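# Summary of structural features
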Amino acid sequence: MASAFGIIALMFLGNAGRRGNPQSKQFLYQRKGPWPQPSPTEPLGTAPEVLHLPWQEKLDWQWHIGLRYMRDVFLCSPAAAFRALRFRELPAIDDAAMADGLTRGLYSRFLAPLDPPDVATFAGAYDPTDGAVYYKMDFAPIGEVKPYDGMYVSPTVTLLRRASPTAETFEVLAIAVGAARAVLRPTDGDAWQLAKYFVLQGCSYATLFTEHPNVHFPYDTINAVTKGSIPTHHVLFRLLIPHLRFSLVLDNAVLQSSSSVISESRRTLYDPFTAAASAGLMSFFMAGYKGIPDNSAYPAYQYPSSRDELPLPPTKYGAFLRAYFEPFHAFTTAVVATIEDDEMGYCEEWARWIQTWIETFPLLPFRHVDAAERERSREKLAFALAVMLWDLTVVHSTDHLNFATDIPVEWKCFRLRVPAPTGPGATLDRRALSKKVDLFKSHLAHRMFFAPTTVTRLVDVKYGFETNALRAARNAFFEQLRAVDAGLAGQGIPRFMALDEMAASIQY
Ligand SMILES: [Fe+2]
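Residues numbered from 1 in each chain as written. Predicted model: local features only at pLDDT ≥ 70, side-chain atom pairs only at ≥ 80, totals over all residues. Heavy atoms only, no water.

## Description of the overall build of the protein chain
The following threshold applies: Counting from the N terminus, the helices are the DSSP runs of H or I reaching at least four residues and the strands are the DSSP runs of E reaching at least two. In this description the radius of gyration comes from C-alpha coordinates, and the expected globular size is given by 2.2 Å times residues to the power 0.38. The cut-offs for exposure are 20% and 50% of the maximum accessible area for each residue type, with area from a 1.4 Å probe on protein chains only; residues under the lower value are buried, those over the upper are exposed, and the others partly exposed. Throughout, a contact is declared for two residues whenever any of their heavy atoms are within 4.5 Å.
Per the secondary structure count, the protein chain includes 14 helices and four strands. Against the 2.2 N^0.38 benchmark of 23 Å for 508 residues, the protein chain shows a C-alpha radius of gyration of 25 Å, consistent with a compact globule. Seen through its C-alpha atoms, the protein chain measures out along the principal axes to roughly 100 × 50 × 40 Å. Burial status across the protein chain gives 54% buried among its 508 residues. At a minimum sequence separation of 6, the contacts of the protein chain that also span at least 24 residues come to 74%.

## Section: the side chain of H329
Relative to the elements of secondary structure, H329 occurs in helix 10 (residues 316-337). Take H329: its relative accessible area is 17%, and that puts it in the buried class. If we skip the residues at most four places from it in the chain, H329 touches R307, A382, F383 and A386.

## A few points about the sheet that holds strand 4 (residues 182-184)
Threshold: Here, a strand pair is defined by DSSP locating no fewer than two bridges between the strands. To obtain each axis, a line is fitted to C-alpha atoms, and for helices this fit is confined to the stretch in contact; angles are then taken between N-to-C directions over 0 to 180 degrees.
With antiparallel pairing, the four strands of this open sheet are ordered in space as 1-2-3-4. Looking at strand neighbours, the two that pair on one side only are strand 1 (133-138) and strand 4, the edges of this open sheet. If you compare each strand with its neighbour and ignore which way they point, the axes differ by 25° on average. Note that strand 1 and strand 2 (residues 156-162) share six bridges and pair antiparallel. Within the sheet, the bridge partner assigned to K136 lies in strand 2 and is L159. On top of the sheet, helix 3 (residues 95-103) reaches strand 1, strand 2 and strand 3 (170-177); it is set at about 90° to strand 3, its chief contact.

## Quick notes on the nonpolar core
Selection criterion: The term nonpolar core refers to a set of buried residues drawn from Ala, Val, Leu, Ile, Met, Phe, Trp, Tyr and Cys, joined through side-chain atoms within 4.5 Å.
Counting residues in hydrophobic clusters, the biggest one holds 155 residues, and the most contacted among them are L102, Y303 and W350. The biggest single contributor to this core is helix 12 (residues 371-406), with 16 residues. Residues contacting Y303, with those up to four places away along its chain left out, are Y219, I222, E309, I358, T360, F361, P362, A384, V387 and M388. With eleven residues, the next largest nonpolar core counts A125, A132, L173 and A174 among its residues.

## Digging into the coordination of the iron ion
Applied cut-off: Only N, O and S atoms count as donors, using a 2.8 Å cut-off from the metal and 3.2 Å for Na, K and Ca, and because water is excluded some sites may appear unfinished.
Coordination of the iron ion by the protein involves H212 (NE2), H216 (NE2), H396 (NE2), H400 (NE2) and Y508 (O), with metal-donor separations of 2.1 to 2.7 Å. Counting along the primary sequence, the residues that act as donors to the iron ion give the motif H-x3-H-x179-H-x3-H-x107-Y. A residue pair is termed long-range when its members are at least 10 positions apart, and H212 in helix 5 (residues 189-216) and H400 in helix 12 qualify at 188 residues. There is no split in this pair, since H212 and H400 are both buried.

## Some details on the packing of helix 2 (residues 55-85) against helix 8 (residues 247-256)
What counts, and what does not: In these notes the angle categories are as follows: under 35 degrees is roughly parallel, over 145 is roughly antiparallel, 65 to 115 is roughly perpendicular, and the rest is oblique. Helix crossings are classified by the rotation of the near helix relative to the far one: an anticlockwise turn of less than a right angle makes the crossing left-handed, while a clockwise turn makes it right-handed.
The N-to-C vectors of helix 2 and helix 8 enclose an angle of 60°; their axes lie 9 Å apart at closest approach. The angle between helix 2 and helix 8 places the two elements in the oblique class. Taken as a pair, helix 2 and helix 8 cross one another with a handedness that is right-handed. In this structure, helix 2 uses E57, K58, W61, I65 and Y69 to contact helix 8, whose residues at the interface are L248, V249, L250 and A253.

## Considering a nonpolar patch on the surface
The following threshold applies: Only residues whose relative accessible area exceeds 30% and that form no salt bridge are eligible for patches; like-charged ones are grouped when within 9 Å, while nonpolar side chains (Val, Leu, Ile, Met, Phe, Trp, Tyr) are grouped when within 5 Å. Each accessible area value is a Shrake-Rupley result obtained with a 1.4 Å probe; residue values ignore everything except the protein chains displayed when judging cover. Each reported salt bridge corresponds to a side-chain nitrogen of Lys or Arg within 4 Å of a carboxyl oxygen of Asp or Glu.
Taken together, the side chains of W63, L67 and M70 define a hydrophobic patch exposed on the protein surface, amounting to about 360 Å² of accessible area. Checked against the element boundaries, W63 lands in helix 2.

## Regarding the environment of V394
Secondary-structure assignment places V394 in helix 12. Overall, V394 belongs to the buried group, its relative accessible area being 0%. With 108 residues separating them in the primary sequence, V394 and M502 have C-alpha atoms 6.3 Å apart. If we ignore the near neighbours within four places in the chain, the residues touching V394 are L321, Y324, F328 and M502.

## Concerning the packing of aromatic side chains
For the record, the criterion: Aromatic rings from Phe, Tyr and Trp, with only the six-membered ring used for Trp, were paired whenever their centres fell within 6.5 Å, and each pair was classed as stacked if the ring planes differed by under 30 degrees, edge-to-face if by over 60, and tilted otherwise. Two limits define a charge over a ring: the Lys NZ or Arg CZ must be within 6 Å of the ring centre, and within 35 degrees of the ring normal.
Within this structure, the stated rule accounts for 36 aromatic pairs. Ring geometry for F403 versus F450: centroids 5.5 Å apart, planes at 75°, classification edge-to-face. Note that F403 is positioned in helix 12 and F450 in helix 13 (residues 436-450), a separation of 47 residues in sequence. One aromatic cluster is present, formed by Y107, F110, F139, Y205, F209, F217, F273, F284, F285, F403, F414 and F450 through successive ring pairs. One Lys or Arg, R352, reaches over the ring of W353 and ends 5.1 Å from the middle of that ring. Sitting over the ring of F478, R474 keeps its end group 3.9 Å from the ring centre.

## Here we look at the pattern of salt bridges
Think of it this way: side chains of opposite charge can pair up when their charged atoms draw near. For the structure on display, the rule yields 32 salt bridges. Between E349 and R352 there is a salt bridge; the shortest N-O distance is 2.6 Å. Of the two residues, E349 and R352 are both situated in helix 11 (residues 341-357); the distance of three residues between them amounts to about one turn of the helix. Note that R415 is salt-bridged to D438, the shortest N-O span being 3.3 Å. One end of the pair, R415, is in the loop between helix 12 and helix 13; the other, D438, is in helix 13, with 23 residues separating them in the sequence. The exposure class assigned to R415 is buried, which follows from its relative accessible area of 4%. Classification of D438 as buried rests on a relative accessible area of 4%.

## Considering the side chain of N214
Basically, it comes down to this: Counted as a polar contact is a pair of N or O atoms within 3.5 Å, where, for protein atoms, one must be capable of donating a hydrogen and the other of accepting one, and residues adjacent in sequence contribute only when both atoms are in side chains.
With respect to the element layout, N214 can be found in helix 5. By relative accessible area, N214 is classed as buried at 17%. A distance of 2.9 Å separates the side chain of N214 from the backbone oxygen of G288, its partner in a polar contact. Dropping the residues within four chain positions of it, N214 is found in contact with Y219, G288, Y289, Y301 and D391.

In structure tokens form, the structure reads like this:
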């Protein structure tokens, strides 16, 4: 009898860990899914990564995106080869065209105020008292890159003048080249012309490895924590899940796959870069995430908590992105207002987990605070969600389209085969700057990785909302997005991307 009792007791004890407190809520992957962890490449300097991925997500990505990469290698290579075979020399770059290319779109993100060392470097090259606004574009991190034999990189700092804070045109006044910061002016002939290619090279690498990673990778943490901690019936889950598809596997492929466009060898057809991933390219990632002290061009990554903190350039490109933010914020505010108080506990925990990994993400105290603090947490949640959804859709899609189509492939200068000038007196042979193979890889990478390749569109998103209030909020959201798209011209803002072309998630 005693032994039978013991066996029954053991059965209960054996089940205690597994079956005690059975969950009444449904969770994706039974709450055993993806979760953030430190980057295996740069754990102290880059965003956390999500390394262990559900097979369902890998299969989904492989079917919709991985197969396309394989197809594009074959289908796009002939066109890239045709264009490369016709390549003779990099184009001459006119000063006004250069200024326009640097400031009309995505590259205007690099406009930064001058720091004291820049003021000293460019002393004599400008008049700081003439009432104009002066900016720099600083591509210091490329100095850490160790290029393949026969290729060259150089840090540059470019000085730009803008007649007023809202003037549409800029003027490129000077370029400081190399670690020694040799200052070149437009009157410096071939040395000046040559320096401009290195500025464009800096723009390309800084776009792909400094600016764009912050659009992608911090959101992997939110993606994984949402899947791992929010019940599938929860309004927060319903709101986010259409915008989380493909991204974890894509980002993992970019950062960890041996067939990534950022490669450790030169064996892929499509890697257009000038160095292996471990030969300094990570310095760009770290400059963008960890920041560079005392350099205003490289602040540490910060999750925006107010409109002033949205990463927007002071140009029409920034105005375009900014115009789309309000519909997202109105939508997330309406959605958050419908979350029941007892369901907000999940949001509080969700934010706490995220903040473990993204330290500037807001905490959302709710269960043990007064009504005013609860309201404040709802406001912070709505803002954080608006930032995220706006980033994953409008910002990410537009950045890709602008990089791929507004800046010609011949202006990317991923590989330059002539050293940067060290002062006035250099000579320029534009035929020697790049080879046909460099252009082939660059054209192919544009088709495969840089140009938008949308699988699911923002305008097609269905949220699976179950109440009329939420469905009405969704409809109002899309009406407001349409109004922004239609109203850009009236505000004098270029339509950098059509709303109908924007993707629902980070999927390229
Ligand atoms: Fe991307």
